[in-house]
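# Structural characterization, general
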Amino acid sequence: MIALLKPSALSSHQPISYFMLAIAYGVLLLTLTEELMIWVIILGLCAIVVRTVSFEKSSHLPNARTVNLLAVLSLFALTWFGFSIGLLNSMINLLAIAFALKLMLLDSKRDFHLLFCTSLFLIGCGFISALSVIAWLGYLGVLLFLLLSLAYYHGPVTPLKSSAKFVGTLVIQSIPIAALLFLVMPQLPPLWQMPTSKSQQTGLSDTVTPGDIASLAKSSELAFTATFPSASAVPEPQQRYWRALVMEDFNGKTWSIGQKRKQAERQLATMRRTPPLLLLANTAENEESDESGISETKSYEMIVEPTKQNWLFALELSAPNNGKNNITVNAQFDYTLRTSTPLMSKKSFYFDYLPNAPVTNPVGEFERQLNSLLPATSNQETRQWVSSLKQANPTPRGLASAIMNYFKQQGFTYTLEPNAMPVDPIDRFIFEEKAGFCAHYASAMTFALRAGGVPARMVTGYQGGEQLDDNVLQVRQYDAHAWVEALIDDTWVRYDPTSMVAPSRLQYGIEQALAEFGEKRTDGLLGDLREGALFTTLQNWMRQMDYQWSKWILGFDANKQKDLLEDLLGQITTKKMTAVFLATLSIVGVILLVYFFPIQRQSTLPKYHRIYLNALSAIEKHSGVERQYLSPREYLNKVSSHLNENTQKILSEMTLLFIESSYSREGIGDDKAKVTLKMKHHNRALKKSLRQ
Amino acid sequence: MSNAAKHEFKQKQNTSIRARLSHRRKAILSTMLSRWLDKRIPPASQHSLTLNSIFVLPTGFGWSFIIMALCLFLLGTNYQNNLMVLLSYILLSVMLLTLFYTHQNFARLAVKSQPIAPFHCHQTGTFQLAVIKHHAQQDKPCKGNLVARWFDTKEQVSFILNAEEKSQQRLSVPIKRSKRGKYPLPRLTLACDFPLGLFKCWTHLDFDADILVYPQPLQDEAIQVALPFDESEQSKNDTTTSSHSSTDFHSLSDYKAGEPLNRVVWKQVAKSGDWVVKQFSDPINEKYYLSVDNQIDVERAISILTHHVIEQSKNGNQFGLQYRSIDISPHYGDSHTHQCLKALSLLNLPQRTYPNDAFSAEAASS
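Basis of the calculations
Residues numbered from 1 in each chain as written. Chains lettered and ligands numbered in written order. Predicted model: local features only at pLDDT ≥ 70, side-chain atom pairs only at ≥ 80, totals over all residues. Contact = placed C-beta atoms within 7 Å. Helix = DSSP H or I, 4+ residues; strand = E, 2+ residues; numbered from the N terminus. Nonpolar A, V, L, I, M, F, W, Y, C, P; charged D, E, K, R; others polar. Axes fitted to C-alpha atoms, helices over the stretch in contact; angles between N-to-C directions. Parallel < 35°, antiparallel > 145°, perpendicular 65-115°, else oblique. Left-handed = near helix turned anticlockwise from the far one by under 90°. Pairing = 2+ DSSP bridges. pLDDT = per-residue confidence, 0-100.

Before going further, it helps to examine the interface of chain A and chain B. Facing the 49 residues of chain A at the interface are 48 residues of chain B. Sorting the residues of the side of chain A that touches chain B by element identifies β1 (2–5), α4 (109–129), α5 (133–154), α6 (160–184), α19 (533–554) and α21 (574–596) of chain A as the ones contributing at least two each. Looking at the side of chain A that touches chain B element by element, the count peaks at 9 residues for α6 of chain A. When its residues are assigned to classes, the side of chain A that touches chain B shows 37 nonpolar, 11 polar and 1 charged.

In structure tokens form, the structure reads like this:
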């Protein structure tokens, strides 16, 4: 029977592959809700519906003109909204729109391939905001599904099941190679500045209106994880001030960094003056080498959750260890830290902790002037109160402690939900409400100090941290905090007025502090559930997993790579690096060898058959006559003329024996061992005779 | 001759020389390529693909896949996002593995050429190819979409290889020629991008066969073709039996393809299944030679003769052929027709230096 193949125009698997691609696109749309605008998602879902409805007949699809019109409209809408969502998100939206429109017109192999590549890129975009293990596994699933649609498309008669099996094997096989590449390929620093999205900045912001931080306290999202070299290196709870931003400009309501400070920092940077933090780090290093062994600095590692911002927080005070950091961290003259690119993903940062280093005034009069400014008229009551305090306590230190004492003694309370204070907020806070959150206290105290002629500024950051392991601290958004720095004798001294009102805030964290005032950070059923033992264990387990994932996968960088290789190979030299690359190549080669040339499985043929084949191959080699598809008897006749008499005789006996045992109707049954033995004997004789 | 004219002439000469040189270079390159291919994939009627006979490169889609993976790597590096980097590594490994899978699949293909029937020029002939079992890969067949194309043309046909089908699969590849004659069958390019379309495997197979292209038939009533049968010739041929006319029954003989069906002994066929025809001994009066005046253009004459040969053969007449160097005595049947047509197609063919010449000339004309 012969099947004559007619040239095939289209593969019958086409509609199903298209449908699968559409489903994968749908899943991607729903996971990218953070980046995509609502109308883009709706457009995408409509395209999927159109594709599904026209599953059988492509005549239901909209024509090119309709789609072009839609494209023009979408482009207008995108340019309109583009300014508010930032360049990065505009790009992702554009990609999603283009996909949706093409999906409606999808009719050729080229388009299918184009859409496949686009969806790969969309998966990549998904990783901008989703960094967890679960997201990774989910996107891996989407990738598998996409590859399946591709395999199904290209295997016109291959059943879905075997395509799925193939794709599964392919991805599983590719993972070891990818992992090897991940370990060995150089981890590069960012090559150029990429656009960031505007809408998704999380955590602290660069302006503070008292009350902002209170809303942050409702979130228990992770802010960062700090890993110390040992349990003893972890600072005491009271010392855990993570400095982020310094607010020096006050407009009566809101604290912000201030234009003058920004200009000054820019100028100082162009003048190439070394920031005091780096000077400190250098002297600490020198001391270390002088005193040999007794080190004042403790290095630690921080894995920071993506803030989409440039500023970075660290223990007060810490110097960045830029030799290890993948992203360069710049120190500023107000002892804050800035990264060279916004933090878009979790990465490790390395710092040296300088616990007792002072925050000095590095630029002379400038900071003194900047931090003495007050809005002209507001909050008169406070000004009068401060001037009376100042008469009693003329020194700056005295004034500061008097203010602190006032908070302690006047029955102030610590609350997440203070009343709104729209007019003269500081007057109202100090003399009427007497209830507020850390930012209220910090704001009031800074104002009071400035009114009393002491330069002061507000510092925001985090305070506290939960221990995950003995040497691992995790800081969450609810640990956000604000405190005060006053310039006394050319040194910035930290005052934390909140600690006067709620002393347990520093020692035990916010939950405990609020509990003392009869408040809960989170309310409702979920809050109660959190206290259950099972939940805590589960949560702890999840946190541990997330920590390891962040540390080893997300936070894997050049430094960890170097450590790992040094653990394996000792001191790294150029020669060794070359060897590592060669070894990687050969390992990949071996992996491929194992995949594609598996070891010959144990043959299922009976033993006498194998001996017979062995003898034949010896004969083939000797005579040069190949058996090909000849039957045993035919081959015997063919090859006989090339052999000497003795060999001929043995071979004919072997052939006879083989035919008898293989084709006899009763089978050989118990005689199997005997036949095998005979065959073996013949084979030996044959080899001997061939050698002569 | 003025200087300007001289200069112009020189320039013209130069350009013509350059054109000739580039043509020559192309010809040399194509011979070198064909020689290299002959060494690498020697001509045979049956091919089992091996490491030596397969070429493999990424398709356009494969390249865009690689570029996409590199873009993801850059994006991941710039955002310091290891998950993107890891994704790009996975994509690159998938690409690497697919290279081997594509090759492994294509290396399971084995094909055998079927004898190719002659066809008229400007008509489409069919070259048939059977998919057979690969001698080294007995258990697993080649899968996917097989695309076939002649080495010297752009048009391609694609076939779905179906491994599940029990029967032997045959691919028929159309072939066209615009000039009569005998050609070596060009190399057939077979390509396959199974399983993911990221890589394309292909091979150029030479099936070591010739194709005979009959002249194009041309109907032209104005030209006299029939030549009455020569009496003296007839007396020579008198004793030979013929099945043409129907007066005296002479004997039974085996049926040959092309003999008129009205002379088949159907009773015998029904009884034993043997196809036999009645033979008659009567001299045939409708025997004649086909011939045209030598004055007419050769190609035209050949085309007209071709038309008449086909007509006569269809009617079951006995005919001979006399034209220039051709002299074929009257007979009938398919093999006779073939003989006549073959003689016509090979008449006065220009000498060929090397086989590819005909194709390149043809490619240029088409």
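That covers the picture; the talk isn't over yet.
Moving on: the packing of helix α22 (residues 607–623) of chain A against helix α25 (residues 672–691) of chain A. All names here are of chain A. The interhelical angle for the contact between α22 and α25, taken along N-to-C directions, is 10°, at an axis separation of 9 Å. Comparing the axis directions of α22 and α25 gives the class roughly parallel. You can see that α22 and α25 cross each other, and the crossing is left-handed. Taken together, the residues of α25 that come into contact with α22 (itself represented by K607, Y608, I611, Y612, N614, A615, A618 and H622) are V675, T676, M679, K680, N683, L686, K687 and L690. Looking at the contact of α22 with α25 residue by residue, the class counts come to 9 nonpolar, 4 polar and 3 charged.

With that settled, consider the sheet that holds strand β9 (residues 181–184) of chain B. Strands in a sheet are paired, the pairing made by backbone hydrogen bonds, and the direction either parallel or antiparallel. Residues and elements named next belong to chain B. The sheet built from 3 strands is open, its strands ordered β4-β12-β9 with mixed pairing. The open sheet has two free edges, formed respectively by β4 (119–120) and β9, since each of these has just one partner strand. Pairing between β9 and strand β12 (residues 210–214): 4 bridges, direction antiparallel. Counted as the bridge partner of Y183 is I211 from β12. Those strands touched by helix α7 (residues 334–346) are β9 and β12, and its axis lies near 90° from that of β12.

Attention now goes to the sheet that holds strand β7 (residues 156–161) of chain B. All names here are of chain B. The strand order β2-β11-β10-β6-β7 describes an open sheet built from 5 strands, whose pairing is antiparallel. Single-partner strands in this sheet number two, and they are β2 (55–58) and β7. Each neighbouring strand pair of the sheet contributes to a mean axis angle of 25°, computed without reference to strand direction. Most of the contacts of helix α3 (residues 82–106) go to strand β11 (residues 199–205), to which it runs at about 30°, and overall it touches β2, β6 (144–150), β10 (188–192) and β11.

All names here are of chain A. Mean pLDDT over chain A: 84, with 91% of residues reaching 70 or higher. Considering each helix and strand of chain A separately, the mean pLDDT is smallest for β1, with a value of 47, and largest for α5, with 94. Here residues 1–10 is modelled with pLDDT under 50, and outside its nearest four sequence neighbours on either side it reaches 20 contacts, counting other chains as well. A low-confidence stretch, residues 291–295 stays under pLDDT 50, and its non-local contacts, those more than four residues away or across chains, total 1 contact.

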